[in-house]
Structures are given as C-alpha cells and as structure tokens.
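Summary of the model geometry
The chain contents come next:
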Amino acid sequence: MTLRTKALLVHLFTATGAVFAMLAMLAAVDQRWDLMFLWLVVAFAVDGVDGPLARKYDVKRNAKEFDGVLLDLIIDYLTYVFVPAYALFKSGLMPGWTGWFAIIVITFASAMYFADTRMKTKDYSFSGFPGCWNMVVLVLFALEPNFYIMVALITVLAVAMFLPVKFVHPVRTERWRMLTLPMALAWTIFAGWAAVVDFHPQSWAHWGLAATSIYLLGAGAMQQLLHGSDG
C-alpha cells in the first residue's frame, strides 16, 4: 500500500465521524439518549485517533486535495456542538427559557470559536475552552444538577472560549501527557459505561466522569499557573 493510499484512508477514516454524527442525531430525535451518547463516544474515539494518523502519514503532503483540518472541524461541530446542544434542549433538563438560552449560546459561541485562528497555542494546547460540549452535556445527563447550575456552567464555559486560558489537548500537549492521555481514555470508558447503563444514578461511572472531567477542564489552567503562558 502506497503512502498516498494510506493518507487517503486517513481522510476516509476521519469522514466516518459524519456518519456517527448522523446516527447520534437519529437516536436523539427518538430520545434514545443512551444510544446517542454511545455514537458520540465512538466519534470522540475516532477524533482522538485520526490526528496522530494524519501526522504519521503526512496527509497535507500525500493527500493534499482534501483539507483534513476543515474536514475535522466540520465533523467536530456536528459531534461536539450541534447534536449535544439539541439533546440538552430536548431532554427537558433545561426547561423553558433556559433550554433556548443553552442552544443559542452553545451553537453561536462555538461557531465563532471554531473559526478563530488563535484556537491553538504554541504547545498545541487550546486557547480558550475548545467547545467540547459533547463532554459537558454527557456529564450533565449523568449528574443532573439543578438547571440554574447548568445555566451558570454553560455561561462560564462559553465566555471561557474567548479568554486566554489554556485547555490541554490530550494527545498533542506534551506537558503532563503521561497523565492527560490516560485521563482522556478513562473519560471515554466512563462515558461509554454511563451510556450503557442509561445514566443510572448509582453507577460508579458518574464519579469517574466527574473526576476525569475536572482534570481535563483544569489541567491547562493549572499549567499556566505553575509554568506561565509559555505556549
């Protein structure tokens, strides 16, 4: 198999994320939240793998007729933003005006963030909250906090998208990667587990989700505090 073929296969692999996004959306329309999140977790796993493969086979050089970055952003918007926002709105977790507030803020702020050329820092972390609403919404489904807490959390994270606060990339941020990567893998496992048991309130997966989410949300800011904005 030639290097060009391998590079093209990476693009095709990335594009499967669009299929998983559609499957998640169909499940969401039927309010099959467990199935929806399982498809989103699969898409999340694909997104975690395709980047290293793209760099390994240098898709920018060997399959340059396809823009891998643009393809990734399109799929990320569907799986990280659009489907989770719809689920949050239709689930009833945020009734009345709070649901409308959530979908408007999440979709609008994320569209602007995904187009921001300052999204990445020199150490390949994200500058600002990277719009991972799929992770946030899954945790909200699992923990079901008061909807005013959800409004506050969504507001803070939406504002944080445009603040000079670092958020680690589990694969590309080198500092603490030996801890961050296992945390991201653990989050994926706990997320799948929580979806399989249909977010049963006594599941240990909820504690795992909470712990790994806190780390992934705060690791970049902690690095800034300890080491400065050297990225």
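The following paragraphs examine the structure supplied in this document. Note that residues are indexed from 1 along each chain, following the sequence as it is written. Given that this is a predicted model, residues contribute local features only at a pLDDT of at least 70 and side-chain atom pairs are listed and counted only at 80 or more, while totals for whole chains, interfaces and linings are drawn from all residues. As a convention, hydrogens and water are excluded, and side-chain values are obtained from all of the structure's heavy atoms.

1. Remarks on the packing of helix H2 (residues 33-56) against helix H4 (residues 68-91)
Angles here are taken between N-to-C directions and fall from 0 to 180 degrees, while the axes themselves are lines fitted to C-alpha atoms, restricted in helices to the stretch in contact. Secondary structure elements follow DSSP: runs of H or I no shorter than four residues count as helices, runs of E no shorter than two count as strands, and numbering proceeds from the N terminus. At their nearest, the axes of H2 and H4 sit 11 Å apart, and the two run at 160° to each other. The orientation of H2 relative to H4 falls into the category roughly antiparallel. Handedness of the crossing formed by H2 with H4: left-handed. Between H2, through Trp33, Met36, Leu40, Ala43, Phe44, Asp47 and Asp50, and H4, the contact on the second element is made entirely by Asp72, Asp76, Thr79, Tyr80, Val83, Pro84, Ala87, Lys90 and Ser91. The residue inventory of the contact of H2 with H4, partitioned by class, reads nine nonpolar, two polar and five charged. Oblique is the label for every angle not falling under 35 degrees (roughly parallel), over 145 degrees (roughly antiparallel), or within 65 to 115 degrees (roughly perpendicular). What makes a crossing left-handed is the near helix being turned counterclockwise from the far one by less than a right angle; a clockwise turn instead makes it right-handed. By definition, residues are in contact when any of their heavy atoms lie within 4.5 Å. Note on residue classes: Ala, Val, Leu, Ile, Met, Phe, Trp, Tyr, Cys and Pro are nonpolar, Asp, Glu, Lys and Arg are charged, and everything else, Gly too, is polar.

2. A closer look at unusual backbone geometry
A positive phi angle, near 55°, is found at glutamine 31, a position not held by glycine. Secondary-structure assignment places glutamine 31 in the loop between helix H1 (3-29) and H2. Each residue is assigned to one of three classes by its accessible area relative to the maximum for its type, calculated with a 1.4 Å probe on protein chains only: buried under 20%, partly exposed between the two thresholds, exposed over 50%. For glutamine 31, a relative accessible area of 44% gives the class partly exposed. Even without a glycine there, the phi angle at glutamate 144 is positive, about 50°. Relative to the elements of secondary structure, glutamate 144 occurs in the loop between helix H6 (133-143) and helix H7 (147-160). You can call glutamate 144 exposed: its relative accessible area is 54%.

3. Re the side chain of histidine 206
Position of histidine 206 among the secondary structure elements: in helix H9 (residues 205-227). A distance of 3.2 Å separates a polar atom in the side chain of histidine 206 from the backbone oxygen of histidine 200. Not counting the four nearest positions on each side in its chain, histidine 206 is found in contact with Ala142, Leu143, Ala194, Phe199, His200 and Pro201. What qualifies as a polar contact is a pair of N or O atoms within 3.5 Å, subject to a donor-acceptor requirement within protein and to the restriction that residues adjacent in sequence count only when both atoms come from side chains.

4. A word on a nonpolar patch on the surface
A cluster of nonpolar side chains, namely Trp193, Val196, Val197, Trp204 and Trp207, defines an oily patch on the protein surface of about 630 Å² accessible area. Turning to its location among the elements, valine 196 is positioned in helix H8 (residues 177-196). Owing to a relative accessible area of 59%, valine 196 belongs among the exposed residues under this scheme. Exposure above 30% relative accessible area and no salt bridge define the residues that can form patches, which grow by joining like charges within 9 Å and nonpolar side chains of Val, Leu, Ile, Met, Phe, Trp and Tyr within 5 Å. Working definition of accessibility: Shrake-Rupley area with a 1.4 Å probe, residue cover restricted to the visible protein chains. Each salt bridge in this description consists of a side-chain nitrogen of Lys or Arg and a carboxyl oxygen of Asp or Glu lying within 4 Å of one another.

5. Here's the deal with the side chain of serine 203
As for its position among the elements, serine 203 is in the loop between H8 and H9. Note on serine 203: relative accessible area 8%, which makes it buried. For serine 203, the side chain forms a polar contact with the main-chain nitrogen of alanine 205, separated by 3.1 Å. Setting aside anything within four residues of it in sequence, one finds serine 203 in contact with Trp193 and Val197.

6. As for the packing of aromatic side chains
Ring pairs are drawn from Phe, Tyr and Trp, using the six-membered ring of Trp, whenever the two centres fall within 6.5 Å, and their geometry is named by plane angle: stacked under 30 degrees, edge-to-face over 60, tilted for the rest. Across all of its chains, the model carries 16 aromatic pairs by this definition. Centre to centre, the rings of phenylalanine 147 and tyrosine 148 are 4.4 Å apart; their planes meet at 40°, and the pair counts as tilted. Put simply, the rings of Trp33, Phe37, Phe141 and Phe199 touch in pairs and so form one group of aromatic residues. Think of it as a cone above the ring: NZ of Lys or CZ of Arg counts as a charge over the ring if it is within 6 Å of the ring centre and within 35 degrees of the ring normal. One Lys or Arg, arginine 172, reaches over the ring of tyrosine 124 and ends 3.8 Å from the middle of that ring.

7. Some words on the pattern of salt bridges
Oppositely charged side chains are able to pair whenever their charged atoms sit close together. Inspection of the entire model under this criterion finds five salt bridges. When the shortest N-O distance is used, the salt bridge between aspartate 58 and arginine 61 registers 3.8 Å. On the basis of relative accessible area, arginine 61 is assigned to the exposed category, the value being 65%. In this structure, aspartate 116 engages arginine 118 in a salt bridge whose closest nitrogen and oxygen atoms are separated by 2.9 Å. Using a relative accessible area of 61% as the deciding quantity, one classes arginine 118 as exposed.

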